[in-house]
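Residue-level listing of the chains:
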Amino acid sequence: NREGKDKLHGAGLTLGYNFKNGYRLQSSYSFVDINIDEDEAYRANTQRPKSRFKLNLSNPILFTNIGFSISMRYSDLYFQNQEGGFGEGQIDAQSIFDAQLTYKLPQSFKSTLKIGVNNLTGKDYRQSIGGPMVGRTVYFTFSYDQMFNN
């Protein structure tokens, strides 16, 4: 083990706006960095992206019982060193696009159907050294909920 102190600093900001016509626009940004001489640090980098950004546009009632959500996630490139022999290397910058359609069944069913796609472009990407490549995910969800329905 090497002696040293890691000193990180960062900030995050989330903003959202609900339009009168039912559309919602949300965004979030986070920043994290290390600010120390490499000779004094236990690690010379943060092992995470300096900048991450997410933008989302949705409307839960686009048409009768139909809603949608589209989003974009961005992450800067960064260097990662996995301990335990997994290796080290650069994780490339990534822009990932997601989409979802929602269908709310008639009130008597108290249920919702959702179909969505994470990573619409289908371009594989890596989130960590030694980890698998992440591709497109297609999902279908059925939700039955009586908690907020009377």
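Residues numbered from 1 in each chain as written. Predicted model: local features only at pLDDT ≥ 70, side-chain atom pairs only at ≥ 80, totals over all residues. Heavy atoms only, no water.

(A) Geometry of unusual backbone geometry. Backbone geometry places Lys110, a non-glycine residue, at a positive phi of 50 degrees. On the secondary structure map, Lys110 appears in the loop between strand 7 (94-104) and strand 8 (111-118). Judged by its relative accessible area of 23%, Lys110 is partly exposed. Positive phi, close to 70 degrees, is recorded for Asn119, a residue that is not glycine. Residue classification places Asn119 among the buried positions, given a relative accessible area of 1%. (Helix = DSSP H or I, 4+ residues; strand = E, 2+ residues; numbered from the N terminus. Buried < 20%, exposed > 50% of the residue type's maximum accessible area, 1.4 Å probe, protein only.)

(B) Representation of the sheet that holds strand 2 (residues 24-34) within the structure. Judged by pairing direction, the sheet is antiparallel, and its seven strands sit side by side in the order 1-2-3-4-7-8-11 without closing on themselves. The outermost strands of the open sheet, each flanked by one partner alone, are strand 1 (8-18) and strand 11 (137-144). Each neighbouring strand pair of the sheet contributes to a mean axis angle of 10 degrees, computed without reference to strand direction. Sheet topology places strand 3 (residues 51-63) next to strand 4 (residues 66-75); nine bridges connect them, and they run antiparallel. Along strand 4, the bridge assignment pairs Lys54 with Arg73. (Pairing = 2+ DSSP bridges. Axes fitted to C-alpha atoms, helices over the stretch in contact; angles between N-to-C directions.)

(C) Just the pattern of salt bridges, in detail. Enumeration over the complete set of coordinates arrives at two salt bridges. Linking Asp33 and Lys50 is a salt bridge whose minimum nitrogen-to-oxygen distance equals 3.5 Å. Highlighted residues: Asp33 in strand 2 and Lys50 in the loop between strand 2 and strand 3, separated in sequence by 17 residues. The exposure class of Asp33 is buried, given its relative accessible area of 15%. We note a salt bridge from Asp98 to Arg73, for which the minimum N-O separation is 2.9 Å. One end of the pair, Asp98, is in strand 7; the other, Arg73, is in strand 4, and 25 residues separate them in sequence. We classify Arg73 as partly exposed; its relative accessible area is 27%. (Salt bridge = Lys/Arg side-chain N within 4 Å of Asp/Glu carboxyl O.)

(D) Expanded view of the side chain of Gln80. Inspection of the secondary structure assignment puts Gln80 in strand 5 (residues 78-82). Residue Gln80 is classed as buried on the basis of its relative accessible area of 9%. Reaching out from Gln80, the side chain makes a polar contact with the backbone nitrogen of Ile129 at a distance of 2.6 Å. With residues up to four places along the chain from it excluded, the contact list for Gln80 reads Gln47, Gly87, Glu88, Gly89, Ile91, Gln127, Ser128 and Ile129. (Polar contact = N/O pair within 3.5 Å; in protein donor to acceptor, adjacent residues only side chain to side chain. Contact = heavy atoms within 4.5 Å.)

(E) Here's a closer look at the packing of aromatic side chains. Scanning all chains against the criterion turns up two aromatic pairs. With a centroid separation of 4.7 Å and an interplanar angle of 75 degrees, the aromatic rings of Tyr17 and Phe19 are classed as edge-to-face. (Phe/Tyr/Trp six-rings, centres within 6.5 Å; stacked < 30°, edge-to-face > 60°.)

(F) The arrangement of the environment of Asp76 in detail. With respect to the helices and strands, Asp76 occurs in the loop between strand 4 and strand 5. Separated by 18 residues in the primary sequence, Asp76 and Gln94 have C-alpha atoms spaced 6.8 Å apart. Once you skip the residues sitting within four places of it in the chain, Asp76 turns out to touch Pro49, Lys50, Ser51, Ile91, Asp92 and Ala93.

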